[in-house]
Amino acid sequence: MGLFILRRTGVMILTALCLTFVVFFMTNLYPNLEKLAKTQGNFRMSDEAVASFLESNGYLQPVAIKYAQWLGVAPGWVREADDGLRGRCVRGTVSAEEMADAPRFCGILQGNWGYSTVFKDDVGSLVSLRLGLTGKLMFFVLILMVPMALIVGVLAGMREGSVTDRSLSTFSIATTATPEYVSGVIFIAVFASSAVGLRWFKGTATAAMENATFENFFLPVLTISLYGMGYIARMTRASMTEVMTAQYIRTARLKGVSFPNIVMKHALRNALIAPFTVIMLQFPWLLNGVVIVETLFNYKGFGWLLVQAAGNNDIELLLAVSVVSVIVVLVTQLISDIGYVFLNPRIRIS
Amino acid sequence: MEPLTWADIIGRMFWQFMPVWIALIVLFAVSAAFKRKLGLYGKLYDSPIGLIGFGLVMFWVFTGIFGQLDLIMTHDPLSQVSGMKNEPPGTAMRNPGEGEYAYYLLGGDNLARDVFSRMVDGAWVVVQIAPLATLFAFMVGITLGLPAGYYGGKLDTLLSFLANLILAFPVILLFYLLVTPEIVETGVPNYMATVLFIFPIIFVGVLLNSRYYTQPKFRTPLLIGVLGVMLWIYLSLISEVGSPVSVLPGIVDLFDIPGGILVVFVSVVFVNSPTVFRIVRGLAMDIKTRDYVAAAQTRGEGPWYIMLWEILPNARGPLIVDFCLRIGYTTILLGTLGFFGLGLPPESPDWGSTINEGRKLLSIYLHPALPPAFALLSLVLGLNLLADGLREESLKD
């Protein structure tokens, strides 16, 4: 088991390295750098001005060296400017003494996530702030989605082929067929717009960042949960129908155990093994939903940050965002594998 | 003129869709009459859920086709008519010209364009791209997944690692990295197209070669003919005069794909193929332990013959079902791209872009955003129901 986790962690680190290098490479292509220079300076910069801006900010070094600097395994660049020194590990132009005091290596290994060119702020603090806000959103999504999906799945799988089963299955197919940008738009139209007049909820969740109430937070949470719910419900239904045809359930029925008792005490525990894995594997999908819903409802969390970073080619912010999302994806996969073994004693990893 | 009532609007929309209804009735009548001879497709007519799904899908397919033949649209989807900005459904035109449709059936959007015509035109974007992109993703997934599952070992480890690498990317981040004007300028999507689009040629080449390997007199001309045509299409597809990949001179270049469409197409194929790869790999690993594969090995068949003519046909059930689901997922992805304003030009009538435009005024005007939203919903729902029906019917035998 220990060896298994160790190997998986190794693969995880390798994957993260490859992915960040791809992101690094794509964001450092020259047209992207040119766009970055123009958004930093002004849009009517000449080609020479762009080149000198990029040169003086260390963007024109070879990609591999820049990547090593970002990682913190190569010393940060230092350039001589008109009135002092500029470098990767210092902000702005500084004197030679200050440069000597600054650390030579400053990459993510040293805990330095870099500087966001869009928000003019430290990437580390930005990401952790936004991640906290998205964490709040995800927490409520899980609270709503998981019980709802399990109840729908168990009810549908209890008696295969019944009317309840048919209608609940169609309902879960319908939810998987509705992407967030469709259901979100429909919800806003019905529950939040003045044209219909219900106005039960707020159409934006900006206020929910400080003060989440049922009124301003329910629609985004519902929108994300519905899309993810259908899939978990279908998995739960499939595993529930399988369990309900098992020998020991038949034995229990023949012994005269009541139907609610069979479902609650005999079937449920075994039926919930498969959905557990699926719930964990839903996290990467939820991440997509988060980006769409945060844009739609103007909730400034992690997904919103991703859109801002990618839209403005904010290299270091984008890298930090991708590192975080890759780690989320891979860690949930790992937890799902380990949890599966713990829940299902018939499987042993050798 | 008076604006139309809701009953009028629905009646007139029903009338506009008349070619679609006729085509649907003809299709259903012919298929129902011959359903015993049509295999899995015929069996679909025994499952009500699958039939509803199939009806929804074909509705949008016919809408896309007839919309392009200009049988459904009431106005030009791009033309702006003064005085129609954000007007509610059923508004009459102020002074309609000769032979012009006198109403905006579903109202005007914020640039005074007809919402109904844009919705119909948007169907064509999806009908054009989604099935083809899914097919390409399947070609890539099958060509790589079969050997990975059949041989296993180092090849499998490497390919699986690459697939997981792509799958670990959040899709939207990938889109933002691939589908921006700056990246298009560098030609990265063109190079990716060059790599991805070669897989169908490899697939067909290996497929035919392994089948007719023992009849060289028949195989050689067949391969030269088929591969020659495919190679020409491939080269005209990837090469474009003025783009980084320009191998064919303009005269022999059969057709040009607009840059935006190509990028969208490539990125959707790229996102979909790792999942297909994983499914095919799993199926191949399962099927290669069967007796008929062992029998073929004993007969001395080559590995590619076993993969493509023994394993693949026996994996078709799950693959067909997944194909339907995946077209739906591709439709959702196309909508996501439009929603974030990536790839397709801003005036494009595709559903994602129109939803994105409409949502900005959602608290006051509902009519520009809701028709494309329901259109997308019904198409994807149809594909999911169809897949469900197919799965049930294919499990029966």
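The residue numbers shown here count from 1 along each chain, following its written sequence. Labels are handed out in written order, letters beginning with A for the chains and numbers beginning with 1 for the ligands. Note on the predicted model: pLDDT of at least 70 is required for a residue's local features to be given, and 80 or more for side-chain atom pairs to be given and counted; whole-chain, interface and lining totals, by contrast, use all residues. Each side-chain value is derived from all of the structure's non-hydrogen atoms; neither hydrogens nor water enter the calculation.

## Observations concerning the overall build of chain A
Next, step 1: Here a strand is any run of E in DSSP of at least two residues, a helix any run of H or I of at least four, and the numbering for each starts at the N terminus. Helix and strand counts for chain A stand at 15 helices and 5 strands.
Next, step 2: Between the two quantities, the radius of gyration covers C-alpha atoms and the globule rule is 2.2 Å times the number of residues to the power 0.38. For chain A, whose C-alpha radius of gyration is 26 Å, the value lies well above the compact-globule estimate of 20 Å for 350 residues.
Next, step 3: With the C-alpha coordinates aligned to their principal axes, the bounding extent of chain A is approximately 90 × 60 × 30 Å.
Next, step 4: Burial status across chain A gives 50% buried among its 350 residues.
Next, step 5: Note on contacts: a residue pair qualifies if any of its non-hydrogen atoms lie within 4.5 Å across the two residues. At a minimum sequence separation of 6, the contacts of chain A that also span at least 24 residues come to 65%.
Next, step 6: A gap of 19 Å separates the mean positions of the 28 positive and 22 negative side-chain charges of chain A. Only protein chains enter the accessibility calculation, which uses a 1.4 Å probe; a residue is then buried when its area is under 20% of its type maximum, exposed when over 50%, and partly exposed in between. Charged residues are defined here as Lys and Arg on the positive side and Asp and Glu on the negative side; His and the ends of the chain fall outside this count. Taken as the charge centre is NZ of Lys, CZ of Arg, CG of Asp or CD of Glu, depending on the residue.

## Here's the deal with the environment of B:R290
Residue and element names in this part refer to chain B.
Next, step 1: Residue placement: R290 occurs in the loop between α12 (259-287) and α13 (291-299).
Next, step 2: With a relative accessible area of 36%, R290 lands in the partly exposed category.
Next, step 3: Sequence separation of R290 and I311 is 21 residues, and the distance between their C-alpha atoms is 9.4 Å.
Next, step 4: Nitrogen and oxygen atoms within 3.5 Å of one another constitute a polar contact, given that in protein one can donate a hydrogen and the other can accept it, and given that sequence-neighbouring residues count only through two side-chain atoms. A polar atom in the side chain of R290 sits 3.5 Å from the side chain of D286.

## Things to note about the sheet that holds strand β2 (residues 84-87) of chain A
Strand pairing in a sheet relies on backbone hydrogen bonds, with the paired strands running either antiparallel or parallel.
All names here are of chain A.
Next, step 1: Judged by pairing direction, the sheet is antiparallel, and its 3 strands sit side by side in the order β1-β2-β3 without closing on themselves. The strands lining the two open edges of the sheet, one partner per strand, are β1 (78-81) and β3 (93-94).
Next, step 2: Where β1 lies against β2, 4 bridges are found, and the strand directions are antiparallel. Bridge assignment links V78 to a residue of β2, and that residue is G87. Strand pairing follows a simple DSSP-based rule, namely that at least 2 bridges must link the two strands.

## So, the pairing of β2(A)
All names here are of chain A.
Next, step 1: With antiparallel pairing between neighbouring strands as the criterion, β1 and β2 make up a hairpin whose turn holds 2 residues.
Next, step 2: Sheet topology note: the β2/β3 ladder contains 2 bridges and is antiparallel. By the bridge assignment for β3, R86 is matched with T93.
Next, step 3: Remark: 5 residues form the turn of the hairpin made by β2 and β3, two consecutive strands paired antiparallel; G92 in that turn has positive phi of roughly 70 degrees.

## Notes on the nonpolar core
All names here are of chain B.
Next, step 1: Nonpolar core, defined: a set of buried Ala, Val, Leu, Ile, Met, Phe, Trp, Tyr and Cys residues in which side-chain atoms within 4.5 Å join the residues together. Judged by nonpolar contacts, the single largest core of 181 residues is most densely connected at F116, F197, F340 and W351.
Next, step 2: Sequence-distant contacts of F197, defined by excluding residues within four places in its chain, comprise F136, Y234, L237, I238, L262, F265 and V266.
Next, step 3: M139, L207, V293 and I311 belong to the second largest nonpolar core, which has 24 residues in total.

## Thoughts on the environment of A:A156
Residues and elements named next belong to chain A.
Next, step 1: Inspection of the secondary structure puts A156 in helix α6 (residues 123-158).
Next, step 2: A sequence separation of 70 residues divides A156 from L226, and the C-alpha atoms of the two residues are 17 Å apart.
Next, step 3: When near neighbours in sequence (up to four residues on either side) are disregarded, A156 contacts D165, L168, S169 and R237.

## Focus: the packing of helix α15 (residues 316-339) of chain B against helix α17 (residues 370-396) of chain B
All names here are of chain B.
Next, step 1: Here an axis means a line fitted to C-alpha atoms, over the contact stretch when the element is a helix, while the angle between two N-to-C directions is reported on a 0 to 180 degree scale. Interhelical geometry of α15 versus α17 gives an angle of 165 degrees and a closest axis separation of 8 Å. Regarding the angle of α15 to α17, the classification is roughly antiparallel. Crossing of α15 against α17: the hand is left-handed. Taking contact as the criterion, the partners of I320, V321, C324, L325, I327, G328, T331, I332 and G335 in α15 are, on α17, L376, L379, V380, L383, N384, L386, A387, L390 and R391.
Next, step 2: Its residues placed into classes, the contact of α15 with α17 shows 13 nonpolar, 4 polar and 1 charged. If an angle is under 35 degrees, it is roughly parallel; if it is over 145, roughly antiparallel; if it lies from 65 to 115, roughly perpendicular; otherwise it is oblique. The handedness criterion is simple: a crossing whose near helix is rotated anticlockwise from the far helix by less than a right angle is left-handed, and one whose near helix is rotated clockwise is right-handed. In this count, Pro and Cys sit with the nonpolar residues alongside Ala, Val, Leu, Ile, Met, Phe, Trp and Tyr, while Asp, Glu, Lys and Arg are called charged and the others, Gly among them, polar.

## Some points on the packing of helix α10 (residues 198-212) of chain B against helix α14 (residues 303-314) of chain B
Residues and elements named next belong to chain B.
Next, step 1: Across the interface, α10 lies against α14 with an axial gap of 9 Å and an inter-helix angle of 95 degrees. Viewed along their axes, α10 and α14 adopt a mutual orientation that is roughly perpendicular. Of the residues in α14, those in contact with F203, V206, L207, S210 and R211 of α10 are W304, Y305, L308, W309 and L312.

## Focus: the confidence of the model for chain B
Next, step 1: For chain B, per-residue confidence averages 87 on the pLDDT scale, and 95% of positions sit at 70 or higher.
Next, step 2: Confidence metrics for the complex model read pTM 0.89 and ipTM 0.87. For every residue, the predictor assigns a confidence score, pLDDT, that lies between 0 and 100.

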